[in-house]
Amino acid sequence: MNGAMSMTMDEMTKTERVMAAVMGEEVDRIPVCFWHHFKPEGSGRRMAEATLEFFEAEFDLDILKIMPDLPYPFPRGSVRSPEDWRLIEPIEIVRSRFFHQRAVAIQALRDAVGYETPIVMTVFSPLCEALHFAESQELFLEHARANPGAVHEALATIAENLRAHIQDCVDSGADGVFFALQGCTSAIMTAGEYRELGRPYDLLALQGARDSWLNILHVHGDRDLFFDDVLDYPVQVLSWSDRLAGPSLSEAREKTDRCLMGGWHEFGALSNGPETEIRSEAEDAIRQTGGRKLILANGCSVPDDTDPQWLHSARDMVDELELPAD
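We now turn to the structure provided with this report. In this text the structure is predicted, and so the values were computed from the model without any measurement.

## What about the sheet that holds strand β7 (residues 259–264)?
And step 1. If you walk across this open sheet you meet the eight strands as β1-β8-β7-β6-β5-β4-β3-β2, and the pairing is parallel. Edge positions in the sheet fall to β1 (32–33) and β2 (64–66), since each has one partner strand and no second.
And step 2. The pairing of β1 with strand β8 (residues 294–298) spans two bridges and is parallel. Across the sheet, the residue bridging to Val32 is Leu296, located in β8.
And step 3. Each of β1 and β2 touches helix α3 (residues 44–58); the most contacted strand, β2, lies at about 145° to it.

Given below as C-alpha cells:
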C-alpha cells in the first residue's frame, strides 16, 4: 500500500489500527505512541487525568499507556540484609490501596474513551521490582548468590502479587500490560542468572495477562540485551531501545514475527529535534519493517522535560508518512 492508496481506506479507530498492526494487517496509517513519566501523588484519578491529557488530548496517540508512577507498595532501597527479603509478603489485591488506585485509573480512562482506544498498564517485572527494593543492584546479586532461598522466595511472592494485579487490571478494563524487564542485560548480570532470577518469575506474572490481546514486552537497557532469550514470552508486541541498545528493527524482524514497537531514539531527535531527523528515523523504521507489524514509538521513556514541540512534530508527521506498496 502506498500513501495514495491509504487515503482510500476508511479511517480506523485506534483500537482497530493497533490491532491490525499487531496482526500484520493493512493499516490506514502507522500507529504511534510515546511517553514520559508523571507525578500523580498516589491518586489513580490524577494518574488517569494526566494520562488522558497527554496521550489523548494533547498528542492524540494510539495507545493510552498508564505509567508506573503509582509504585508497588514496598520501600525502594530498603533491603540491606538477606533476612529483609522475608519482609516481602503476599498482597490482598482488594485491600491494597496502591493496586486499587491503578485499577481506578484504568476504569476512569475506559469511561473516558470507551473501547475505541486501547489501554495498557505499565508493570515492572518481579526482578525489576526486586532490584528496586535492594539497596543496590550489586547487593541484590550478592544476596542471590549467597542466600538464593530468601531471594527466590521473595521473587516468587512478588511474581504472584503481580500476576493477581495484572489480572485485576485486565478485569478493570485494560487491553494488556506493558511489561518492563530490567536486568535482562549483561550490563547487570549473566544470561544464566537472568534465566534463574528473571525468566520463571516473568512468566508467572504474565499469566495474569494470558487472555489479553495487547501485551507489550519492554526489554529495558542501553546495551547488551538478552534479546533472543525472551522472544518466546507470551506477548504480542516487543519494545526495546532499538536505536540505542540494538538489535535494529530489521535485525529483530529476522528473529521474530511479533509486532515491533520502536523506531525513535528516545534521547535523540524525538527529545531534541530537529524535525527533519524525527521524520528520517520514522521513515527508516518503516523501511526496516516494510510498514507492517510496527508501532512507531520511542525506545524508552523520553526525558520528562522534553520540549513538547518535538513531540508535536513527531505526532503530526505520522499522518503524512507513506507506507510501502505490498
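## Quick look at the pairing of β8
And step 1. In terms of residue burial, β8 counts as a mostly covered element, since five of its five residues are buried.
And step 2. Pairing between β7 and β8: five bridges, direction parallel. Among the inter-strand pairings, Leu260 is bridged to a residue of β8, identified as Leu294.

## What to know about the side chain of Ser248
And step 1. Structurally, Ser248 can be placed in the loop between β6 (237–240) and α10 (249–255).
And step 2. Among the polar contacts made by the side chain of Ser248, one reaches the side chain of Ser250 at a distance of 3.1 Å.
And step 3. The residues touching Ser248, leaving out its near neighbours within four places in the chain, are Trp240, Asp242 and Gln288.

## Remarks on the packing of aromatic side chains
And step 1. This structure, assessed with the given rule, holds 13 aromatic pairs.
And step 2. A centroid spacing of 5.3 Å and a plane angle of 50° characterise the contact between Tyr72 and Phe133, whose relative ring orientation is tilted. Of this pair, Tyr72 sits in the loop between β2 and α4 (97–113) while Phe133 is found in helix α5 (residues 126–133), placing the two residues 61 residues apart along the sequence. Of the two residues examined, Tyr72 and Phe133, each falls in the buried class.
And step 3. Site record: aromatic cluster; members linked through ring pairs are Phe34, Phe38, Phe54, Phe55, Phe59 and Trp264.

What counts, and at which threshold
- Residues numbered from 1 in each chain as written.
- Predicted model: local features only at pLDDT ≥ 70, side-chain atom pairs only at ≥ 80, totals over all residues.
- Heavy atoms only, no water.
- Pairing = 2+ DSSP bridges.
- Helix = DSSP H or I, 4+ residues; strand = E, 2+ residues; numbered from the N terminus.
- Contact = heavy atoms within 4.5 Å.
- Axes fitted to C-alpha atoms, helices over the stretch in contact; angles between N-to-C directions.
- Buried < 20%, exposed > 50% of the residue type's maximum accessible area, 1.4 Å probe, protein only.
- Polar contact = N/O pair within 3.5 Å; in protein donor to acceptor, adjacent residues only side chain to side chain.
- Phe/Tyr/Trp six-rings, centres within 6.5 Å; stacked < 30°, edge-to-face > 60°.

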